[in-house]
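Each chain, letter by letter, is given below.
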Amino acid sequence: ELATRYGLSAEPTPGARSTTPTRSLKGANPASPEAIPNAEWRLCFDRSVWKADTPAAGNRPFCGSRDRLPSDRAVEFRDSAGALVKAQVYPRSTFAIFQYLGKIIAAGDEAKIKLVSPEAISRGSLRDENLFTVERGANAGGCFLWVNYAGGSYCIPQEGAANTKRVLGLLAQLLALSTSVRDIGFTPSVRVLQ
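A quick note: this is a predicted structure, and the numbers were derived from the prediction, not measured.

## Overview of unusual backbone geometry
Part 1 of the reasoning: In this model, Arg 60 is joined to Pro 61 through a cis peptide bond whose omega is 0°.
Part 2 of the reasoning: Phi is positive for Ala 150, close to 50°, though the residue is something other than glycine.
Part 3 of the reasoning: Tracing the sequence through the fold places Ala 150 in the loop between strand 6 (143-149) and strand 7 (152-157).

## Topic: the sheet that holds strand 7
Part 1 of the reasoning: Pairing in this open sheet of three strands is antiparallel, and the strands run 5-7-6 from one edge to the other. Where the open sheet ends on each side, the last strands, each with one partner, are strand 5 (135-136) and strand 6.
Part 2 of the reasoning: Pairing of strand 6 with strand 7 involves six bridges; the strand directions are antiparallel. The partner of Leu 145 across the bridge, within strand 7, is Ile 156.

## Concerning the environment of Asp 79
Part 1 of the reasoning: Here Asp 79 is to be found in the loop between strand 3 (74-78) and strand 4 (84-88).
Part 2 of the reasoning: Taking relative accessible area as the criterion, Asp 79 reaches 25% and is therefore assigned partly exposed.
Part 3 of the reasoning: Remark: the alpha-carbon pair of Asp 79 and Leu 2, spanning 77 residues in sequence, is separated by 7.3 Å.
Part 4 of the reasoning: Beyond its immediate chain neighbours, meaning those up to four positions away, Asp 79 contacts Leu 2 and Val 85.

## Quick notes on the pattern of salt bridges
Part 1 of the reasoning: Tallying each qualifying case throughout the model produces four salt bridges.
Part 2 of the reasoning: Note that Arg 60 and Asp 67 form a salt bridge whose closest N and O atoms lie 2.9 Å from each other.
Part 3 of the reasoning: Note on Arg 60: relative accessible area 27%, which makes it partly exposed.
Part 4 of the reasoning: Notably, a salt bridge pairs Arg 68 with Asp 72, separated by 3.4 Å at the nearest N-O pair.
Part 5 of the reasoning: Residue classification places Arg 68 among the partly exposed residues on the basis of a relative accessible area of 43%.
Part 6 of the reasoning: Exposure remark for Asp 72: the relative accessible area of 18% places this residue in the buried category.

## A closer look at the environment of Asn 148
Part 1 of the reasoning: Mapped onto the fold, Asn 148 is located in strand 6.
Part 2 of the reasoning: Note: C-alpha distance between Asn 148 and Gly 137 (eleven residues apart in sequence) is 9.2 Å.

## Some points on helix 2 (residues 94-107)
Part 1 of the reasoning: Look at helix 2: 20 Å from first C-alpha to last across 14 residues, which is about the 20 Å you get at 1.5 Å a residue.
Part 2 of the reasoning: Along helix 2, the positions that sit buried rather than exposed are Thr 94, Ala 96, Leu 101, Ile 104 and Ile 105.
Part 3 of the reasoning: Buried residues along helix 2 sit in contact with strand 5, strand 7 and helix 4 (162-177).
Part 4 of the reasoning: Phi turns positive, to about 75°, at Gly 108, one or two residues after helix 2.

## Quick word on the packing of aromatic side chains
Part 1 of the reasoning: A full pass over the atoms with the stated rule returns one aromatic pair.
Part 2 of the reasoning: Arranged with centres 6.4 Å apart and planes meeting at 80°, the rings of Phe 45 and Phe 77 form a pair that is edge-to-face. With Phe 45 in strand 2 (residues 41-45) and Phe 77 in strand 3, this residue pair connects regions lying 32 residues apart in the sequence. Phe 77 matches Phe 45 in its accessibility class, with the two residues each being buried.
Part 3 of the reasoning: The residue whose ring lies beneath Arg 47 is Phe 62, and the NZ or CZ to ring-centre distance is 3.6 Å.

## Observations regarding the pairing of strand 7
Part 1 of the reasoning: Where strand 5 and strand 7 come together, two bridges link them in antiparallel fashion. Bridging from a neighbouring strand, Arg 136 pairs with Tyr 154 of strand 7.
Part 2 of the reasoning: Linking two consecutive strands that pair antiparallel, namely strand 6 and strand 7, is a turn of two residues; a positive phi of about 50° is found at Ala 150 within it.

## Topic: helix 4
At 3.6 residues per turn, the α-helix brings residues three or four places apart onto the same side.
Part 1 of the reasoning: A rise of 1.5 Å per residue sets the reference length of helix 4, with its 16 residues, at 22 Å; its end C-alpha atoms lie 23 Å apart and thus fit the reference within 8%.
Part 2 of the reasoning: Regarding helix 4, the residues found buried are Ala 162, Asn 163, Thr 164, Val 167 and Leu 171.
Part 3 of the reasoning: Its buried side turned inward, helix 4 meets helix 2, helix 3 (118-121) and strand 7.

The rules we used
Residues numbered from 1 in each chain as written. Predicted model: local features only at pLDDT ≥ 70, side-chain atom pairs only at ≥ 80, totals over all residues. Heavy atoms only, no water. Helix = DSSP H or I, 4+ residues; strand = E, 2+ residues; numbered from the N terminus. Pairing = 2+ DSSP bridges. Buried < 20%, exposed > 50% of the residue type's maximum accessible area, 1.4 Å probe, protein only. Contact = heavy atoms within 4.5 Å. Salt bridge = Lys/Arg side-chain N within 4 Å of Asp/Glu carboxyl O. Expected span 1.5 Å × (residues − 1). Phe/Tyr/Trp six-rings, centres within 6.5 Å; stacked < 30°, edge-to-face > 60°. Lys NZ or Arg CZ within 6 Å of the ring centre and 35° of its normal.

Written as structure tokens, this is what we have:
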């Protein structure tokens, strides 16, 4: 919630140089990935997305500043109680996200991870406080997705489980982004002429 509120973003590290020679890009934004294709990147807070009442005390580094922390993955900010929080953010691969969700299910903890912000919970028929909902066995209301694995059956309920469906949709998109054209099966078209 605080990362969204403070506009957690990324930019090329100030003073970073490309590790490979590149051609000049006329009119390119110096902070764009095209301008510095192999530069090192850092996390930063983008003030342009803040609301007017967002406090800035203790937040660093800001995007566009020369301020640097010991790690480019580190940020500092004030939490809702005013305490200084130092955090390092490590992005997960798509495979690691699948592993994380699988461990939640294996431990039986899927109902323990509750969302708290109104934006995450949503409203009306999409209201859902759980991050990921999987039931063991069949569901009387039907399953959106059902699978047998290692002698057990698992069901994502057709009704509810809105966040689970969103998470699976995002994972499908991440998989599609990292899928090469060569990895897609070739289905020939055959037209019979006579």
